[in-house]
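# Architecture at a glance
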Amino acid sequence: TGADRIAPNGDAANKIGTYNLAVLSHYHKIPFYIAAPHSTFDLKIKTGKDIPIEERKAEEVTELFFRRPIASKEIKVFNPAFDVTTHNLITAIITDKGVIRPPYRINIAKILDR
């Protein structure tokens, strides 16, 4: 998959559903790769927990085509646009500067210092 942001420990944020694919890949022993340019790495944060997750409008879940309500107005909605895949589920990160494998904290720093 791609990534919108990658932490120095290898945690990667991408569109909703990426984490699910990583878990399924891990369970079925299928390698799971992230492909992203080196500019995707955010060295100002520590882990994926530091990545702010954008929330999308509740109406995407509570209305049909943003016109017809399909849920009560009182319903509470959490509708994140991204999820974070933890580094332990990622086989390698493919970048324009090379392929990065675990241990990510060390190898990301090496690749990005080139």
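A brief structural summary. Residue positions are given per chain, counted from 1 along the sequence in the order it is written. Only residues with pLDDT of at least 70 are given local features in this predicted model, and only at 80 or more are side-chain atom pairs given and counted; all residues enter the totals for whole chains, interfaces and linings. Think of the side-chain values as coming from all heavy atoms in the structure, minus any hydrogens and water.

## A short note on the overall build of the protein chain
When you go through the protein chain residue by residue, the secondary structure sums to three helices and eight strands. Taken over C-alpha atoms, the radius of gyration comes to 17 Å for the protein chain, far larger than the 13 Å a tight globule of 114 residues would show. In terms of principal-axis extent, the alpha carbons of the protein chain reach across some 55 × 35 × 20 Å. Looking at the 114 residues of the protein chain, the share that counts as buried comes to 35%. By the convention used here, residues are in contact when the closest approach between their heavy atoms is within 4.5 Å. A sequence separation of at least 24 residues applies to 67% of the contacts in the protein chain between residues at least 6 apart. Helical segments are the DSSP runs of H or I of at least four residues, strand segments are the runs of E of at least two, and each set is numbered from the N terminus. The quantity called the radius of gyration is restricted to C-alpha atoms. Its globule counterpart is 2.2 Å times the number of residues to the power 0.38. The buried label goes to any residue with under 20% of its type's maximum accessible area, the exposed label to any with over 50%, and the partly exposed label to all in between, with areas taken from a 1.4 Å probe on protein chains only.

## Examining helix H1 (residues 18-27)
Where H1 is concerned, the buried positions are Thr18, Ala22 and Ser25. One face of H1 carries all of its buried residues, which in axial projection span an arc of 65 degrees. In the core, the buried residues of H1 are packed alongside strand E2 (12-15) and strand E6 (82-85). Of the residues flanking the end of H1, it is lysine 29, one or two places downstream, whose phi is positive at about 60 degrees. Read the arc as the range of directions from the helix axis to the C-beta atoms.

## Quick look at the sheet that holds strand E1 (residues 5-6)
A sheet is described by the order of its strands in space; here three strands give the open sequence E1-E2-E6, paired in antiparallel fashion. In this open sheet, the two edge strands, each paired with only one partner strand, are E1 and E6. In the packing of H1 onto the sheet, contacts are made with E2 and E6, and the angle to E6 comes to roughly 30 degrees. Should DSSP find at least two bridges between two strands, the strands are regarded as paired. In this description, a line fitted to the C-alpha atoms serves as the axis of each element, helices being fitted only across the stretch in contact, and the angle between N-to-C directions of two axes falls anywhere from 0 to 180 degrees.

## Remarks on the pattern of salt bridges
Put simply, a salt bridge is a Lys or Arg side-chain nitrogen that is within 4 Å of an Asp or Glu carboxyl oxygen. Tallied over the entire structure, the rule returns three salt bridges. A salt bridge links aspartate 4 to lysine 15; the nearest nitrogen and oxygen atoms lie 3.0 Å apart. Here aspartate 4, found in the segment before E1, pairs with lysine 15, found in strand E2; they are 11 residues apart in sequence, far enough to count as distant. Relative accessible area serves as the criterion here: at 39%, aspartate 4 is assigned to the partly exposed category. Between aspartate 42 and arginine 5 there is a salt bridge whose closest N-O contact spans 2.3 Å. Remark: arginine 5 occurs in strand E1 and aspartate 42 occurs in the loop between strand E3 (33-35) and helix H2 (59-62); sequence separation between them is 37 residues.

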